[in-house]
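Coordinate analysis (summary)
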Amino acid sequence: MIIASQKPIEEIRETIKPYKKVLIAACGTCVTVCLAGGEKEAKELADLLSLSGDQEFRVVTPKRQCDSEFLEEFDKDVSWADAGLSLACGVGVQYLAERCTGKPIIPGLNTAFMGTNRDAGYWTEMCQGCGNCVLEKTGGVCPVARCSKSHFNGPCGGSSKGKCEVNDSIDCAWQLIYDRLKSLNQMERLFETIPPRDWSTSRDGGPRKIRRPDVAIEEVTE
Amino acid sequence: MKTILAGKSRYMEALRPALHDAGFDTIAVETVSELKELPKEYPVILLQDTALNPLITNKKAAEKAIHGLEPKDLIVFLMDQNQDASPYIENCVLHIASHLAGLKRNIAVLLRSSRASDSEFDERYRTARKKGVAFVKYESIDLGSDDGKTRIELWDGRAKLTMETPLCILCEASPASELYAFADALHVRTYGDRAVSGSRGVSGGRWFLNQGTTLKRNVKLIHTDSLDQDVRSIVPSLIRELKKLYEPGQEKIAFVDSKKCAFCYTCYRVCPHSALAPDEDNEAMKAEELLCGGCGICVSVCPAGAISFRETEPEGTSDFREAEPDGTSEGEAVAQHTEAIGQHMAVMEQGTGASGKEVPKLKIFCCENSAFPLSAEALSGINAAIQPVACGGEISTSMVLEALKQYDSVLAAVCSDDACKHRDGNKRCTKQMERLKERLEKLGYNPNRISSVRIGITMADILREAALTALKGEVR
């Protein structure tokens, strides 16, 4: 799931200052679940920002901002507004912006990472979407996302008592990999050298696309 | 129809007149044979004082117990409870263990789980450690006796540890045996009669001393706990339970709108009563009516705005509904009671409105388990609008913001630290208020327009003081 957190409220107020009518678009999927941009947060934000009485707010909550099918309600309300404040991840913000050419769409969240909910109110990063998964080699612990240096062949010298030198609240991913492989009785995997990898499947190859020709309605040639 | 108050509770004597004043007729029974003579359709409230080992509540008793022991003898406190157990016991143990360690005794506290990482407990653990108390966290334990001494073998996940002690103090609260006799007679199963370790399912592990449920509508188990509670703090929840019994359609319980539910499990994680679980189709969360404590914590945290309070369905499937009360006197009594609260509120709302005084500038959300029963006395002469809430956890940011549109300042008056009947509704409230204050301040508003106070049922003066301070915090 995509994890995000709300931008500082003073920053949001500053960015929406020029606009009299603001449509706050919550998003009903990831950011609702991570308590950053669901209907509740959107309404709270509207309440807080309207305390000054200078601006008007409306709230819509599409199920997902990243799919056009859910955005009809938004389309209707945005014609009322001077600007949209999207409480979705960066995907939703951009998607809304593409749809309404005449209106500015402003982000209300900082999209943080792909992660998991460890406990009530606690999320941690698990995946960076590098496009070439190696989890089978590393006992199901991702060296790309969970090692601060994305090391592929063992820990750096900064690993101490199972913690990372970047911050001792971070578990050393290679300690986790070691523990996990030990419990799986797959310690021999640690002798395998993972060669330098091709990062073009990750961000190095530019923005990525995925197509499924079998699902596509029209033939695409690219 | 009358309500049976069954069990041996030191609160019984004080409770009956209080309930009578609220319009409920009660019969007290202490034994199963007395109970069996009464009509079956009478609803039963099982009252149960849980008995705490006096060695962890009473310094003198503890001192006496160690009197004959050698100074080198190890004294063991065995706290075999899981993380959901009452923090009260942990508090008592830390207190007594520190005290005995201060008397130059060897003290070990064995625990299955601890709140040492909780900031409120952190300091207490540190103090105890400084005094020489040794804490050992274990995963499994075996007790045996050997020549008048208790032999303890424990496993901490890495190593086995063996110790011998002439005094092993069991730190637990256990319902007295009469409770089981009543439960048998009424054919109910007590729900999680002991804090079990391990699983965190609905049926195991998540159990709290304060709330007991029998999963049977016309029988309710109320733990009166071992806290020295003022009887007034029990009455509101009892009245709520009675209303549930007499007017099943009138009780406010959590309701999940399955169309809006994002299935995020936040409510499941925070519900102190384990009342929320996935529905039959595993498509949305659902609140279990009989488990719901009506605290409103889930309503205030639900990120999708999918949970609301809803009155229970009048068409109950329970056996109690089949025995419909013929007279409506009890129902009227409840209505009168509700009306009385309403009038009380109206008076508070207007100040001495009739004499043309100005509208109140302060809104106070009062937890009905502590602040609300006090409010009439504590806030007399203060021009404030009082709104009772089932729990501090019900007070959402939206409610506070809504109130700020109308009032200069808002005060949340909730239960004192370990007294929350819904585990941590009071703390949730304080934390939410702090977050909101911070955000208000960043927007350039006076954060003192909102405040919160934690009070016990006897702290009328503190509530009054908080209200006066809140009034001063106003800025227009």
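Residues numbered from 1 in each chain as written. Chains lettered and ligands numbered in written order. Predicted model: local features only at pLDDT ≥ 70, side-chain atom pairs only at ≥ 80, totals over all residues.

1. Overview of the overall build of chain A
- For chain A, the count of helices and strands is seven helices and seven strands.
- Starting at the N terminus and walking to the C terminus, you meet the elements of chain A as β-α-β-α-α-β-α-β-α-β-β-β-α-α.
- Going through the 222 residues of chain A one by one, you find that 32% of them count as buried.
- Once local pairs closer than 6 in sequence are excluded, the contacts in chain A between residues at least 24 apart make up 55%. (Helix = DSSP H or I, 4+ residues; strand = E, 2+ residues; numbered from the N terminus. Buried ≥ 20, exposed ≤ 12 C-beta atoms within 10 Å, placed from the backbone. Contact = placed C-beta atoms within 7 Å.)

2. What about the nonpolar core?
- The biggest cluster of nonpolar side chains holds 104 residues, and the ones touching the most others in it are I24 and A25 of chain A together with C298 and A413 of chain B.
- No other element matches strand β21 (residues 409-415) of chain B, which puts six residues into this core.
- Here A413 of chain B is in contact with I364, F365, C366, C367, A371, V453, I455, L463 and A466 of chain B, once residues within four sequence places are set aside.
- Ranked by size, the runner-up nonpolar core spans 30 residues in total, among them V76, M79, Y88 and C171 of chain B. (Core = buried A, V, L, I, M, F, W, Y, C linked by C-beta atoms within 7 Å.)

3. Description of the sheet that holds strand β20 (residues 384-389) of chain B
All names here are of chain B.
- With respect to topology, four strands assemble into an open sheet ordered β20-β19-β21-β22, the strand pairing being parallel. Of all strands in the sheet, those with a lone pairing partner are β20 and β22 (450-455), marking the two edges. Strand-to-strand, the axes of this sheet are offset by a mean angle of 20 degrees, without reference to chain direction.
- Strand direction decides the pairing type here: strand β19 (residues 362-367) and β21, joined by five bridges, are parallel. The residue bridging F365 from the neighbouring strand is A412, located in β21.
- Sitting on the sheet, helix α14 (residues 425-442) touches β21 and β22, and the angle it makes with β22 is about 160 degrees. (Pairing = 2+ DSSP bridges. Axes fitted to C-alpha atoms, helices over the stretch in contact; angles between N-to-C directions.)

4. Re the interface of chain B and chain A
- Of the residues lining the interface, 17 residues belong to chain B; the matching set on chain A comes to 18 residues.
- Of all the secondary structure elements, the ones that give two or more residues to the side of chain B that touches chain A are α8 (266-270), α13 (397-406) and α14 of chain B.
- The dominant element in the side of chain B that touches chain A, judged by the number of residues it contributes, is α13 of chain B, at four residues.
- Class assignment of the residues belonging to the side of chain B that touches chain A gives a composition of 10 nonpolar, four polar and three charged. (Nonpolar A, V, L, I, M, F, W, Y, C, P; charged D, E, K, R; others polar.)

5. Some words on unusual backbone geometry
- The residue S150 of chain A is not glycine, and still its phi comes out positive at about 50 degrees.
- With respect to the element layout, S150 of chain A can be found in the loop between α6 (143-146) and α7 (173-183).
- Accessibility expressed as a C-beta count within 10 Å gives 16 for S150 of chain A, which makes it partly exposed.
- A positive phi angle, near 65 degrees, is found at R423 of chain B, a position not held by glycine.
- Considering the arrangement of structural elements, one finds R423 of chain B in the loop between β21 and α14.

6. Some details on the sheet that holds strand β8 (residues 140-146) of chain B
Residues and elements named next belong to chain B.
- An order of β8-β9-β10 is seen for the three strands of this open sheet, with the pairing classed as antiparallel. Because the sheet does not close on itself, it has two edges, and the strands there are β8 and β10 (160-165). On average, each strand axis in the sheet is tilted by 20 degrees relative to the strand beside it, whichever way the strands run.

7. Section: the pairing of strand β6 (residues 109-119) of chain A
All names here are of chain A.
- Here five bridges tie strand β1 (residues 2-6) to β6, and the two strands are oriented antiparallel to one another. Bridging from a neighbouring strand, S5 pairs with N110 of β6.
- Hairpin connection, β6 to strand β7 (residues 122-127): the antiparallel pair is bridged by two residues, and G121 has positive phi, about 75 degrees.

8. Side note on the confidence of the model for chain A
- For chain A, the average pLDDT comes to 94, and 100% of its residues sit at 70 or higher.
- Within chain A, strand β4 (residues 83-86) of chain A carries the highest mean pLDDT (98), whereas helix α4 (residues 72-78) of chain A carries the lowest (92). (pLDDT = per-residue confidence, 0-100.)

9. Here we look at the environment of C168 of chain B
All names here are of chain B.
- Looking at the secondary structure, you find C168 in strand β11 (residues 167-170).
- Sequence-wise, C168 and I152 are 16 residues apart; in three dimensions their C-alpha atoms are separated by 9.1 Å.
- Those residues in contact with C168 that sit more than four places away from it in its chain are V76, L78, T150 and I152.

10. Overview of the environment of K442 of chain B
- Locating K442 of chain B in the fold gives a position in helix α14.
- Apart from the residues within four sequence positions on either side, K442 of chain B is in contact with P8, I9 and E10 of chain A.

11. Some words on the pairing of β4 of chain A
Residue and element names in this part refer to chain A.
- Where strand β2 (residues 21-25) and β4 come together, four bridges link them in parallel fashion. Bridged to V22 within β4 is A83.
- Sheet topology note: the β4/strand β5 (residues 105-107) ladder contains three bridges and is parallel. When the bridges of β5 are listed, S86 appears paired with P107.

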